[in-house]
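Reading the structure
One-letter residues, chain by chain:
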Amino acid sequence: TAPWVRRALEAGMRVIDLSADSRLDAARYAEWYGPHPHPNDLELARYGLVEAYRPDLPDARLVAAPGCNATAASLALLPFAAAGLLDREVPPVVTVVTGASGAGRATALPLHFSELDANARPYKPAGTHRHLAEIEGNLGRATEQGRWLSTHGAFRPLPVSFTPQLAPMVRGILATCTVRLNEELDQDAAIDRMRAYYEGEPMVHVQDALPEVKSVVGSDRTLLSVRHDVRTGLMTAFATIDNLGKGAAGQAVQGFNVAFGFPETTALEMEGRWP
C-alpha cells in the first residue's frame, strides 16, 4: 500500500494502513520485506495496537494496523514484558494456530479444501515469519519503555521463537506463549498482573478459563488467560482473537476511533461473520 499511502498523505489525508508497509522502521522493513519505496513516510507512522500505544495515536497522520499474529502474541506477553519479567537470554516460545483466511484469498495449494480439511501444518517456522519483527519490537519496547509504548522510541528487539500453524478453520487465532520469568509468579499473581495491565480496556478480557477461538469469531474482542507450571516453573500465556477482527478490520476501526477522537468502541459492537 505504500504508493497509495504516499498519494493520500500528499493530498492532506490521514491514513489507516492495514498492510505491513507502515509497521516497521525503514531498517527493519528492509530486513524483512526489502527496501521501502517511501521510507520518509515511516516517520509519520504510529503503530496501531491501541492497548499498548494509545498515547501515540491521537491526531496521528498514519496509523499502522498491526499484523494478526503479532497482535495475539503481543497482547499475551506485554503485561510481563512491561514489568521487566521477560529474560532476553531465554526467548519466549510462541506457537500460533491460525485459520486459512490469515493467508489471504490468493490461490495456493496448501489452502485447497482437500489439502487443508482434517489437516494441520506448521509454516514459516524458525524465525522466517514476518510478523516476528513486530512481536520482537513490541516486547522489546515494553521491556525498556514500560506500560505505554512509543512507536519511535529507542528499543532493542526481544528475541522470540515463533511458529505459526495452519488449522482447518476459516478464521481465528489461538496464541500459546511459554516463558521463564525473571521472577517466579504463581497462578494467582500472574493473572492478577495481566488483569491490572488491561484494566479498563474495552476490547480485552482476562479470564480464569482458557480462551477458545469460537468465543471471539466475528468480533474485535481479545480473550486472555495464563497458567503457571509448578513442575517446571514456566508460565504460559494464552490469547485468542479473530484474525479478521482484532487482527485486521476491527483493529483498524479501533485505531481510527482513537486517532480521530471518537469513542473507542464506535462501530465495534456489531459482529461480522463472512467469510
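Heads up: these notes are all about the structure in this document.

Cut-offs used in this document
- Residues numbered from 1 in each chain as written.
- Predicted model: local features only at pLDDT ≥ 70, side-chain atom pairs only at ≥ 80, totals over all residues.
- Heavy atoms only, no water.
- Buried < 20%, exposed > 50% of the residue type's maximum accessible area, 1.4 Å probe, protein only.
- Helix = DSSP H or I, 4+ residues; strand = E, 2+ residues; numbered from the N terminus.
- Pairing = 2+ DSSP bridges.
- Arc of directions from axis to C-beta.
- Contact = heavy atoms within 4.5 Å.
- Axes fitted to C-alpha atoms, helices over the stretch in contact; angles between N-to-C directions.
- Patch = residues over 30% accessible without salt bridge, like charges linked within 9 Å, V, L, I, M, F, W, Y side chains within 5 Å.
- Areas by Shrake-Rupley, 256 points an atom, 1.4 Å probe, with all protein chains shown as cover.
- Salt bridge = Lys/Arg side-chain N within 4 Å of Asp/Glu carboxyl O.

1. Re the pairing of strand β7 (residues 173–179)
- Because side chains alternate across β7, one face comprises the buried residues Ile-173, Ala-175, Cys-177 and Val-179, and the other comprises Leu-174, Thr-176 and Thr-178, none of which is buried.
- Pairing geometry for strand β4 (residues 93–98) and β7, over six bridges, is antiparallel. Within β7, the position partnered with Val-97 by the bridge is Leu-174.
- Taken together, the seven bridges between β7 and strand β10 (residues 235–241) define a ladder with antiparallel strand orientation. In the strand pairing of β10, Thr-176 is matched with Phe-238.

2. Some words on unusual backbone geometry
- Not every positive phi belongs to a glycine, and Asp-59 is a case in point at roughly 70°.
- In this structure Asp-59 comes out as exposed when scored by relative accessible area, which is 63%.
- Backbone geometry at Ala-267 places phi at a positive 70°, although glycine is not the residue there.
- Following the sequence through the fold, Ala-267 ends up in the segment after α8 (245–260).
- Ala-267 gets classed as partly exposed once you look at its relative accessible area, which sits at 41%.

3. With respect to helix α7 (residues 187–197)
- Listed as buried for α7 are Ala-190, Ile-191, Met-194 and Tyr-197. Angularly, the buried residues of α7 cover 120° about the axis, an arc narrow enough to put them on a single face. Exposed side of α7, more than 90 degrees from the buried face: Asp-188 and Ala-196 are the residues found there.
- Residues of α7 that are buried sit in contact with α3 (50–53), α4 (68–82), β8 (204–206), β9 (222–228) and β10.

4. Some remarks on the sheet that holds strand β3 (residues 62–64)
- Taken in spatial order, the three strands make up an open sheet running β1-β3-β2, and their pairing is parallel. One side of each edge strand has no neighbouring strand; the edge strands of this open sheet are β1 (15–17) and β2 (45–47). Recorded for the sheet is a direction-independent mean angle of 25° between the axes of neighbouring strands.

5. Description of the pairing of strand β6 (residues 161–166)
- Burial along β6 is one-sided: Phe-162, Pro-164 and Leu-166 are buried, while Ser-161, Thr-163 and Gln-165, pointing the other way, are not.
- Here β4 runs beside β6; their pairing, made up of six bridges, is parallel. Each residue of the ladder has a partner; that of Thr-95, found in β6, is Thr-163.
- Of the strand pairs in this sheet, strand β5 (residues 121–122) and β6 are connected by two bridges, and their pairing is antiparallel. Residue pairing for β6: Pro-122 is matched across the bridge by Gln-165.

6. Structural notes on a nonpolar patch on the surface
- Among the surface-exposed residues, Phe-256, Phe-260 and Phe-262 lie close enough to one another that they form a single nonpolar patch of about 260 Å² accessible area.
- Summarising the element assignment, Phe-262 is placed in the segment after α8.
- Among the residues examined, Phe-262 registers a relative accessible area of 43% and is labelled partly exposed.

7. A look at the pattern of salt bridges
- The final tally for this structure, using the stated rule, is 13 salt bridges.
- As a salt-bridge pair, Arg-6 and Asp-41 come within 2.8 Å of each other at their nearest N and O atoms. In this pair, Arg-6 is assigned in helix α1 (residues 2–10) and Asp-41 in the loop between α2 (26–33) and β2, connecting sequence segments 35 residues apart.
- With a closest N to O distance of 4.0 Å, Glu-31 and Arg-28 form a salt bridge. Of the two residues, Glu-31 and Arg-28 both sit in helix α2, three residues apart, roughly one turn of that helix.
- For Glu-31, a relative accessible area of 55% corresponds to the exposed category.
- Residue classification places Arg-28 among the buried positions, given a relative accessible area of 13%.
- By sharing partners, the salt bridges in this structure join Arg-54, Arg-147, Glu-201 and Glu-264 into a single network.

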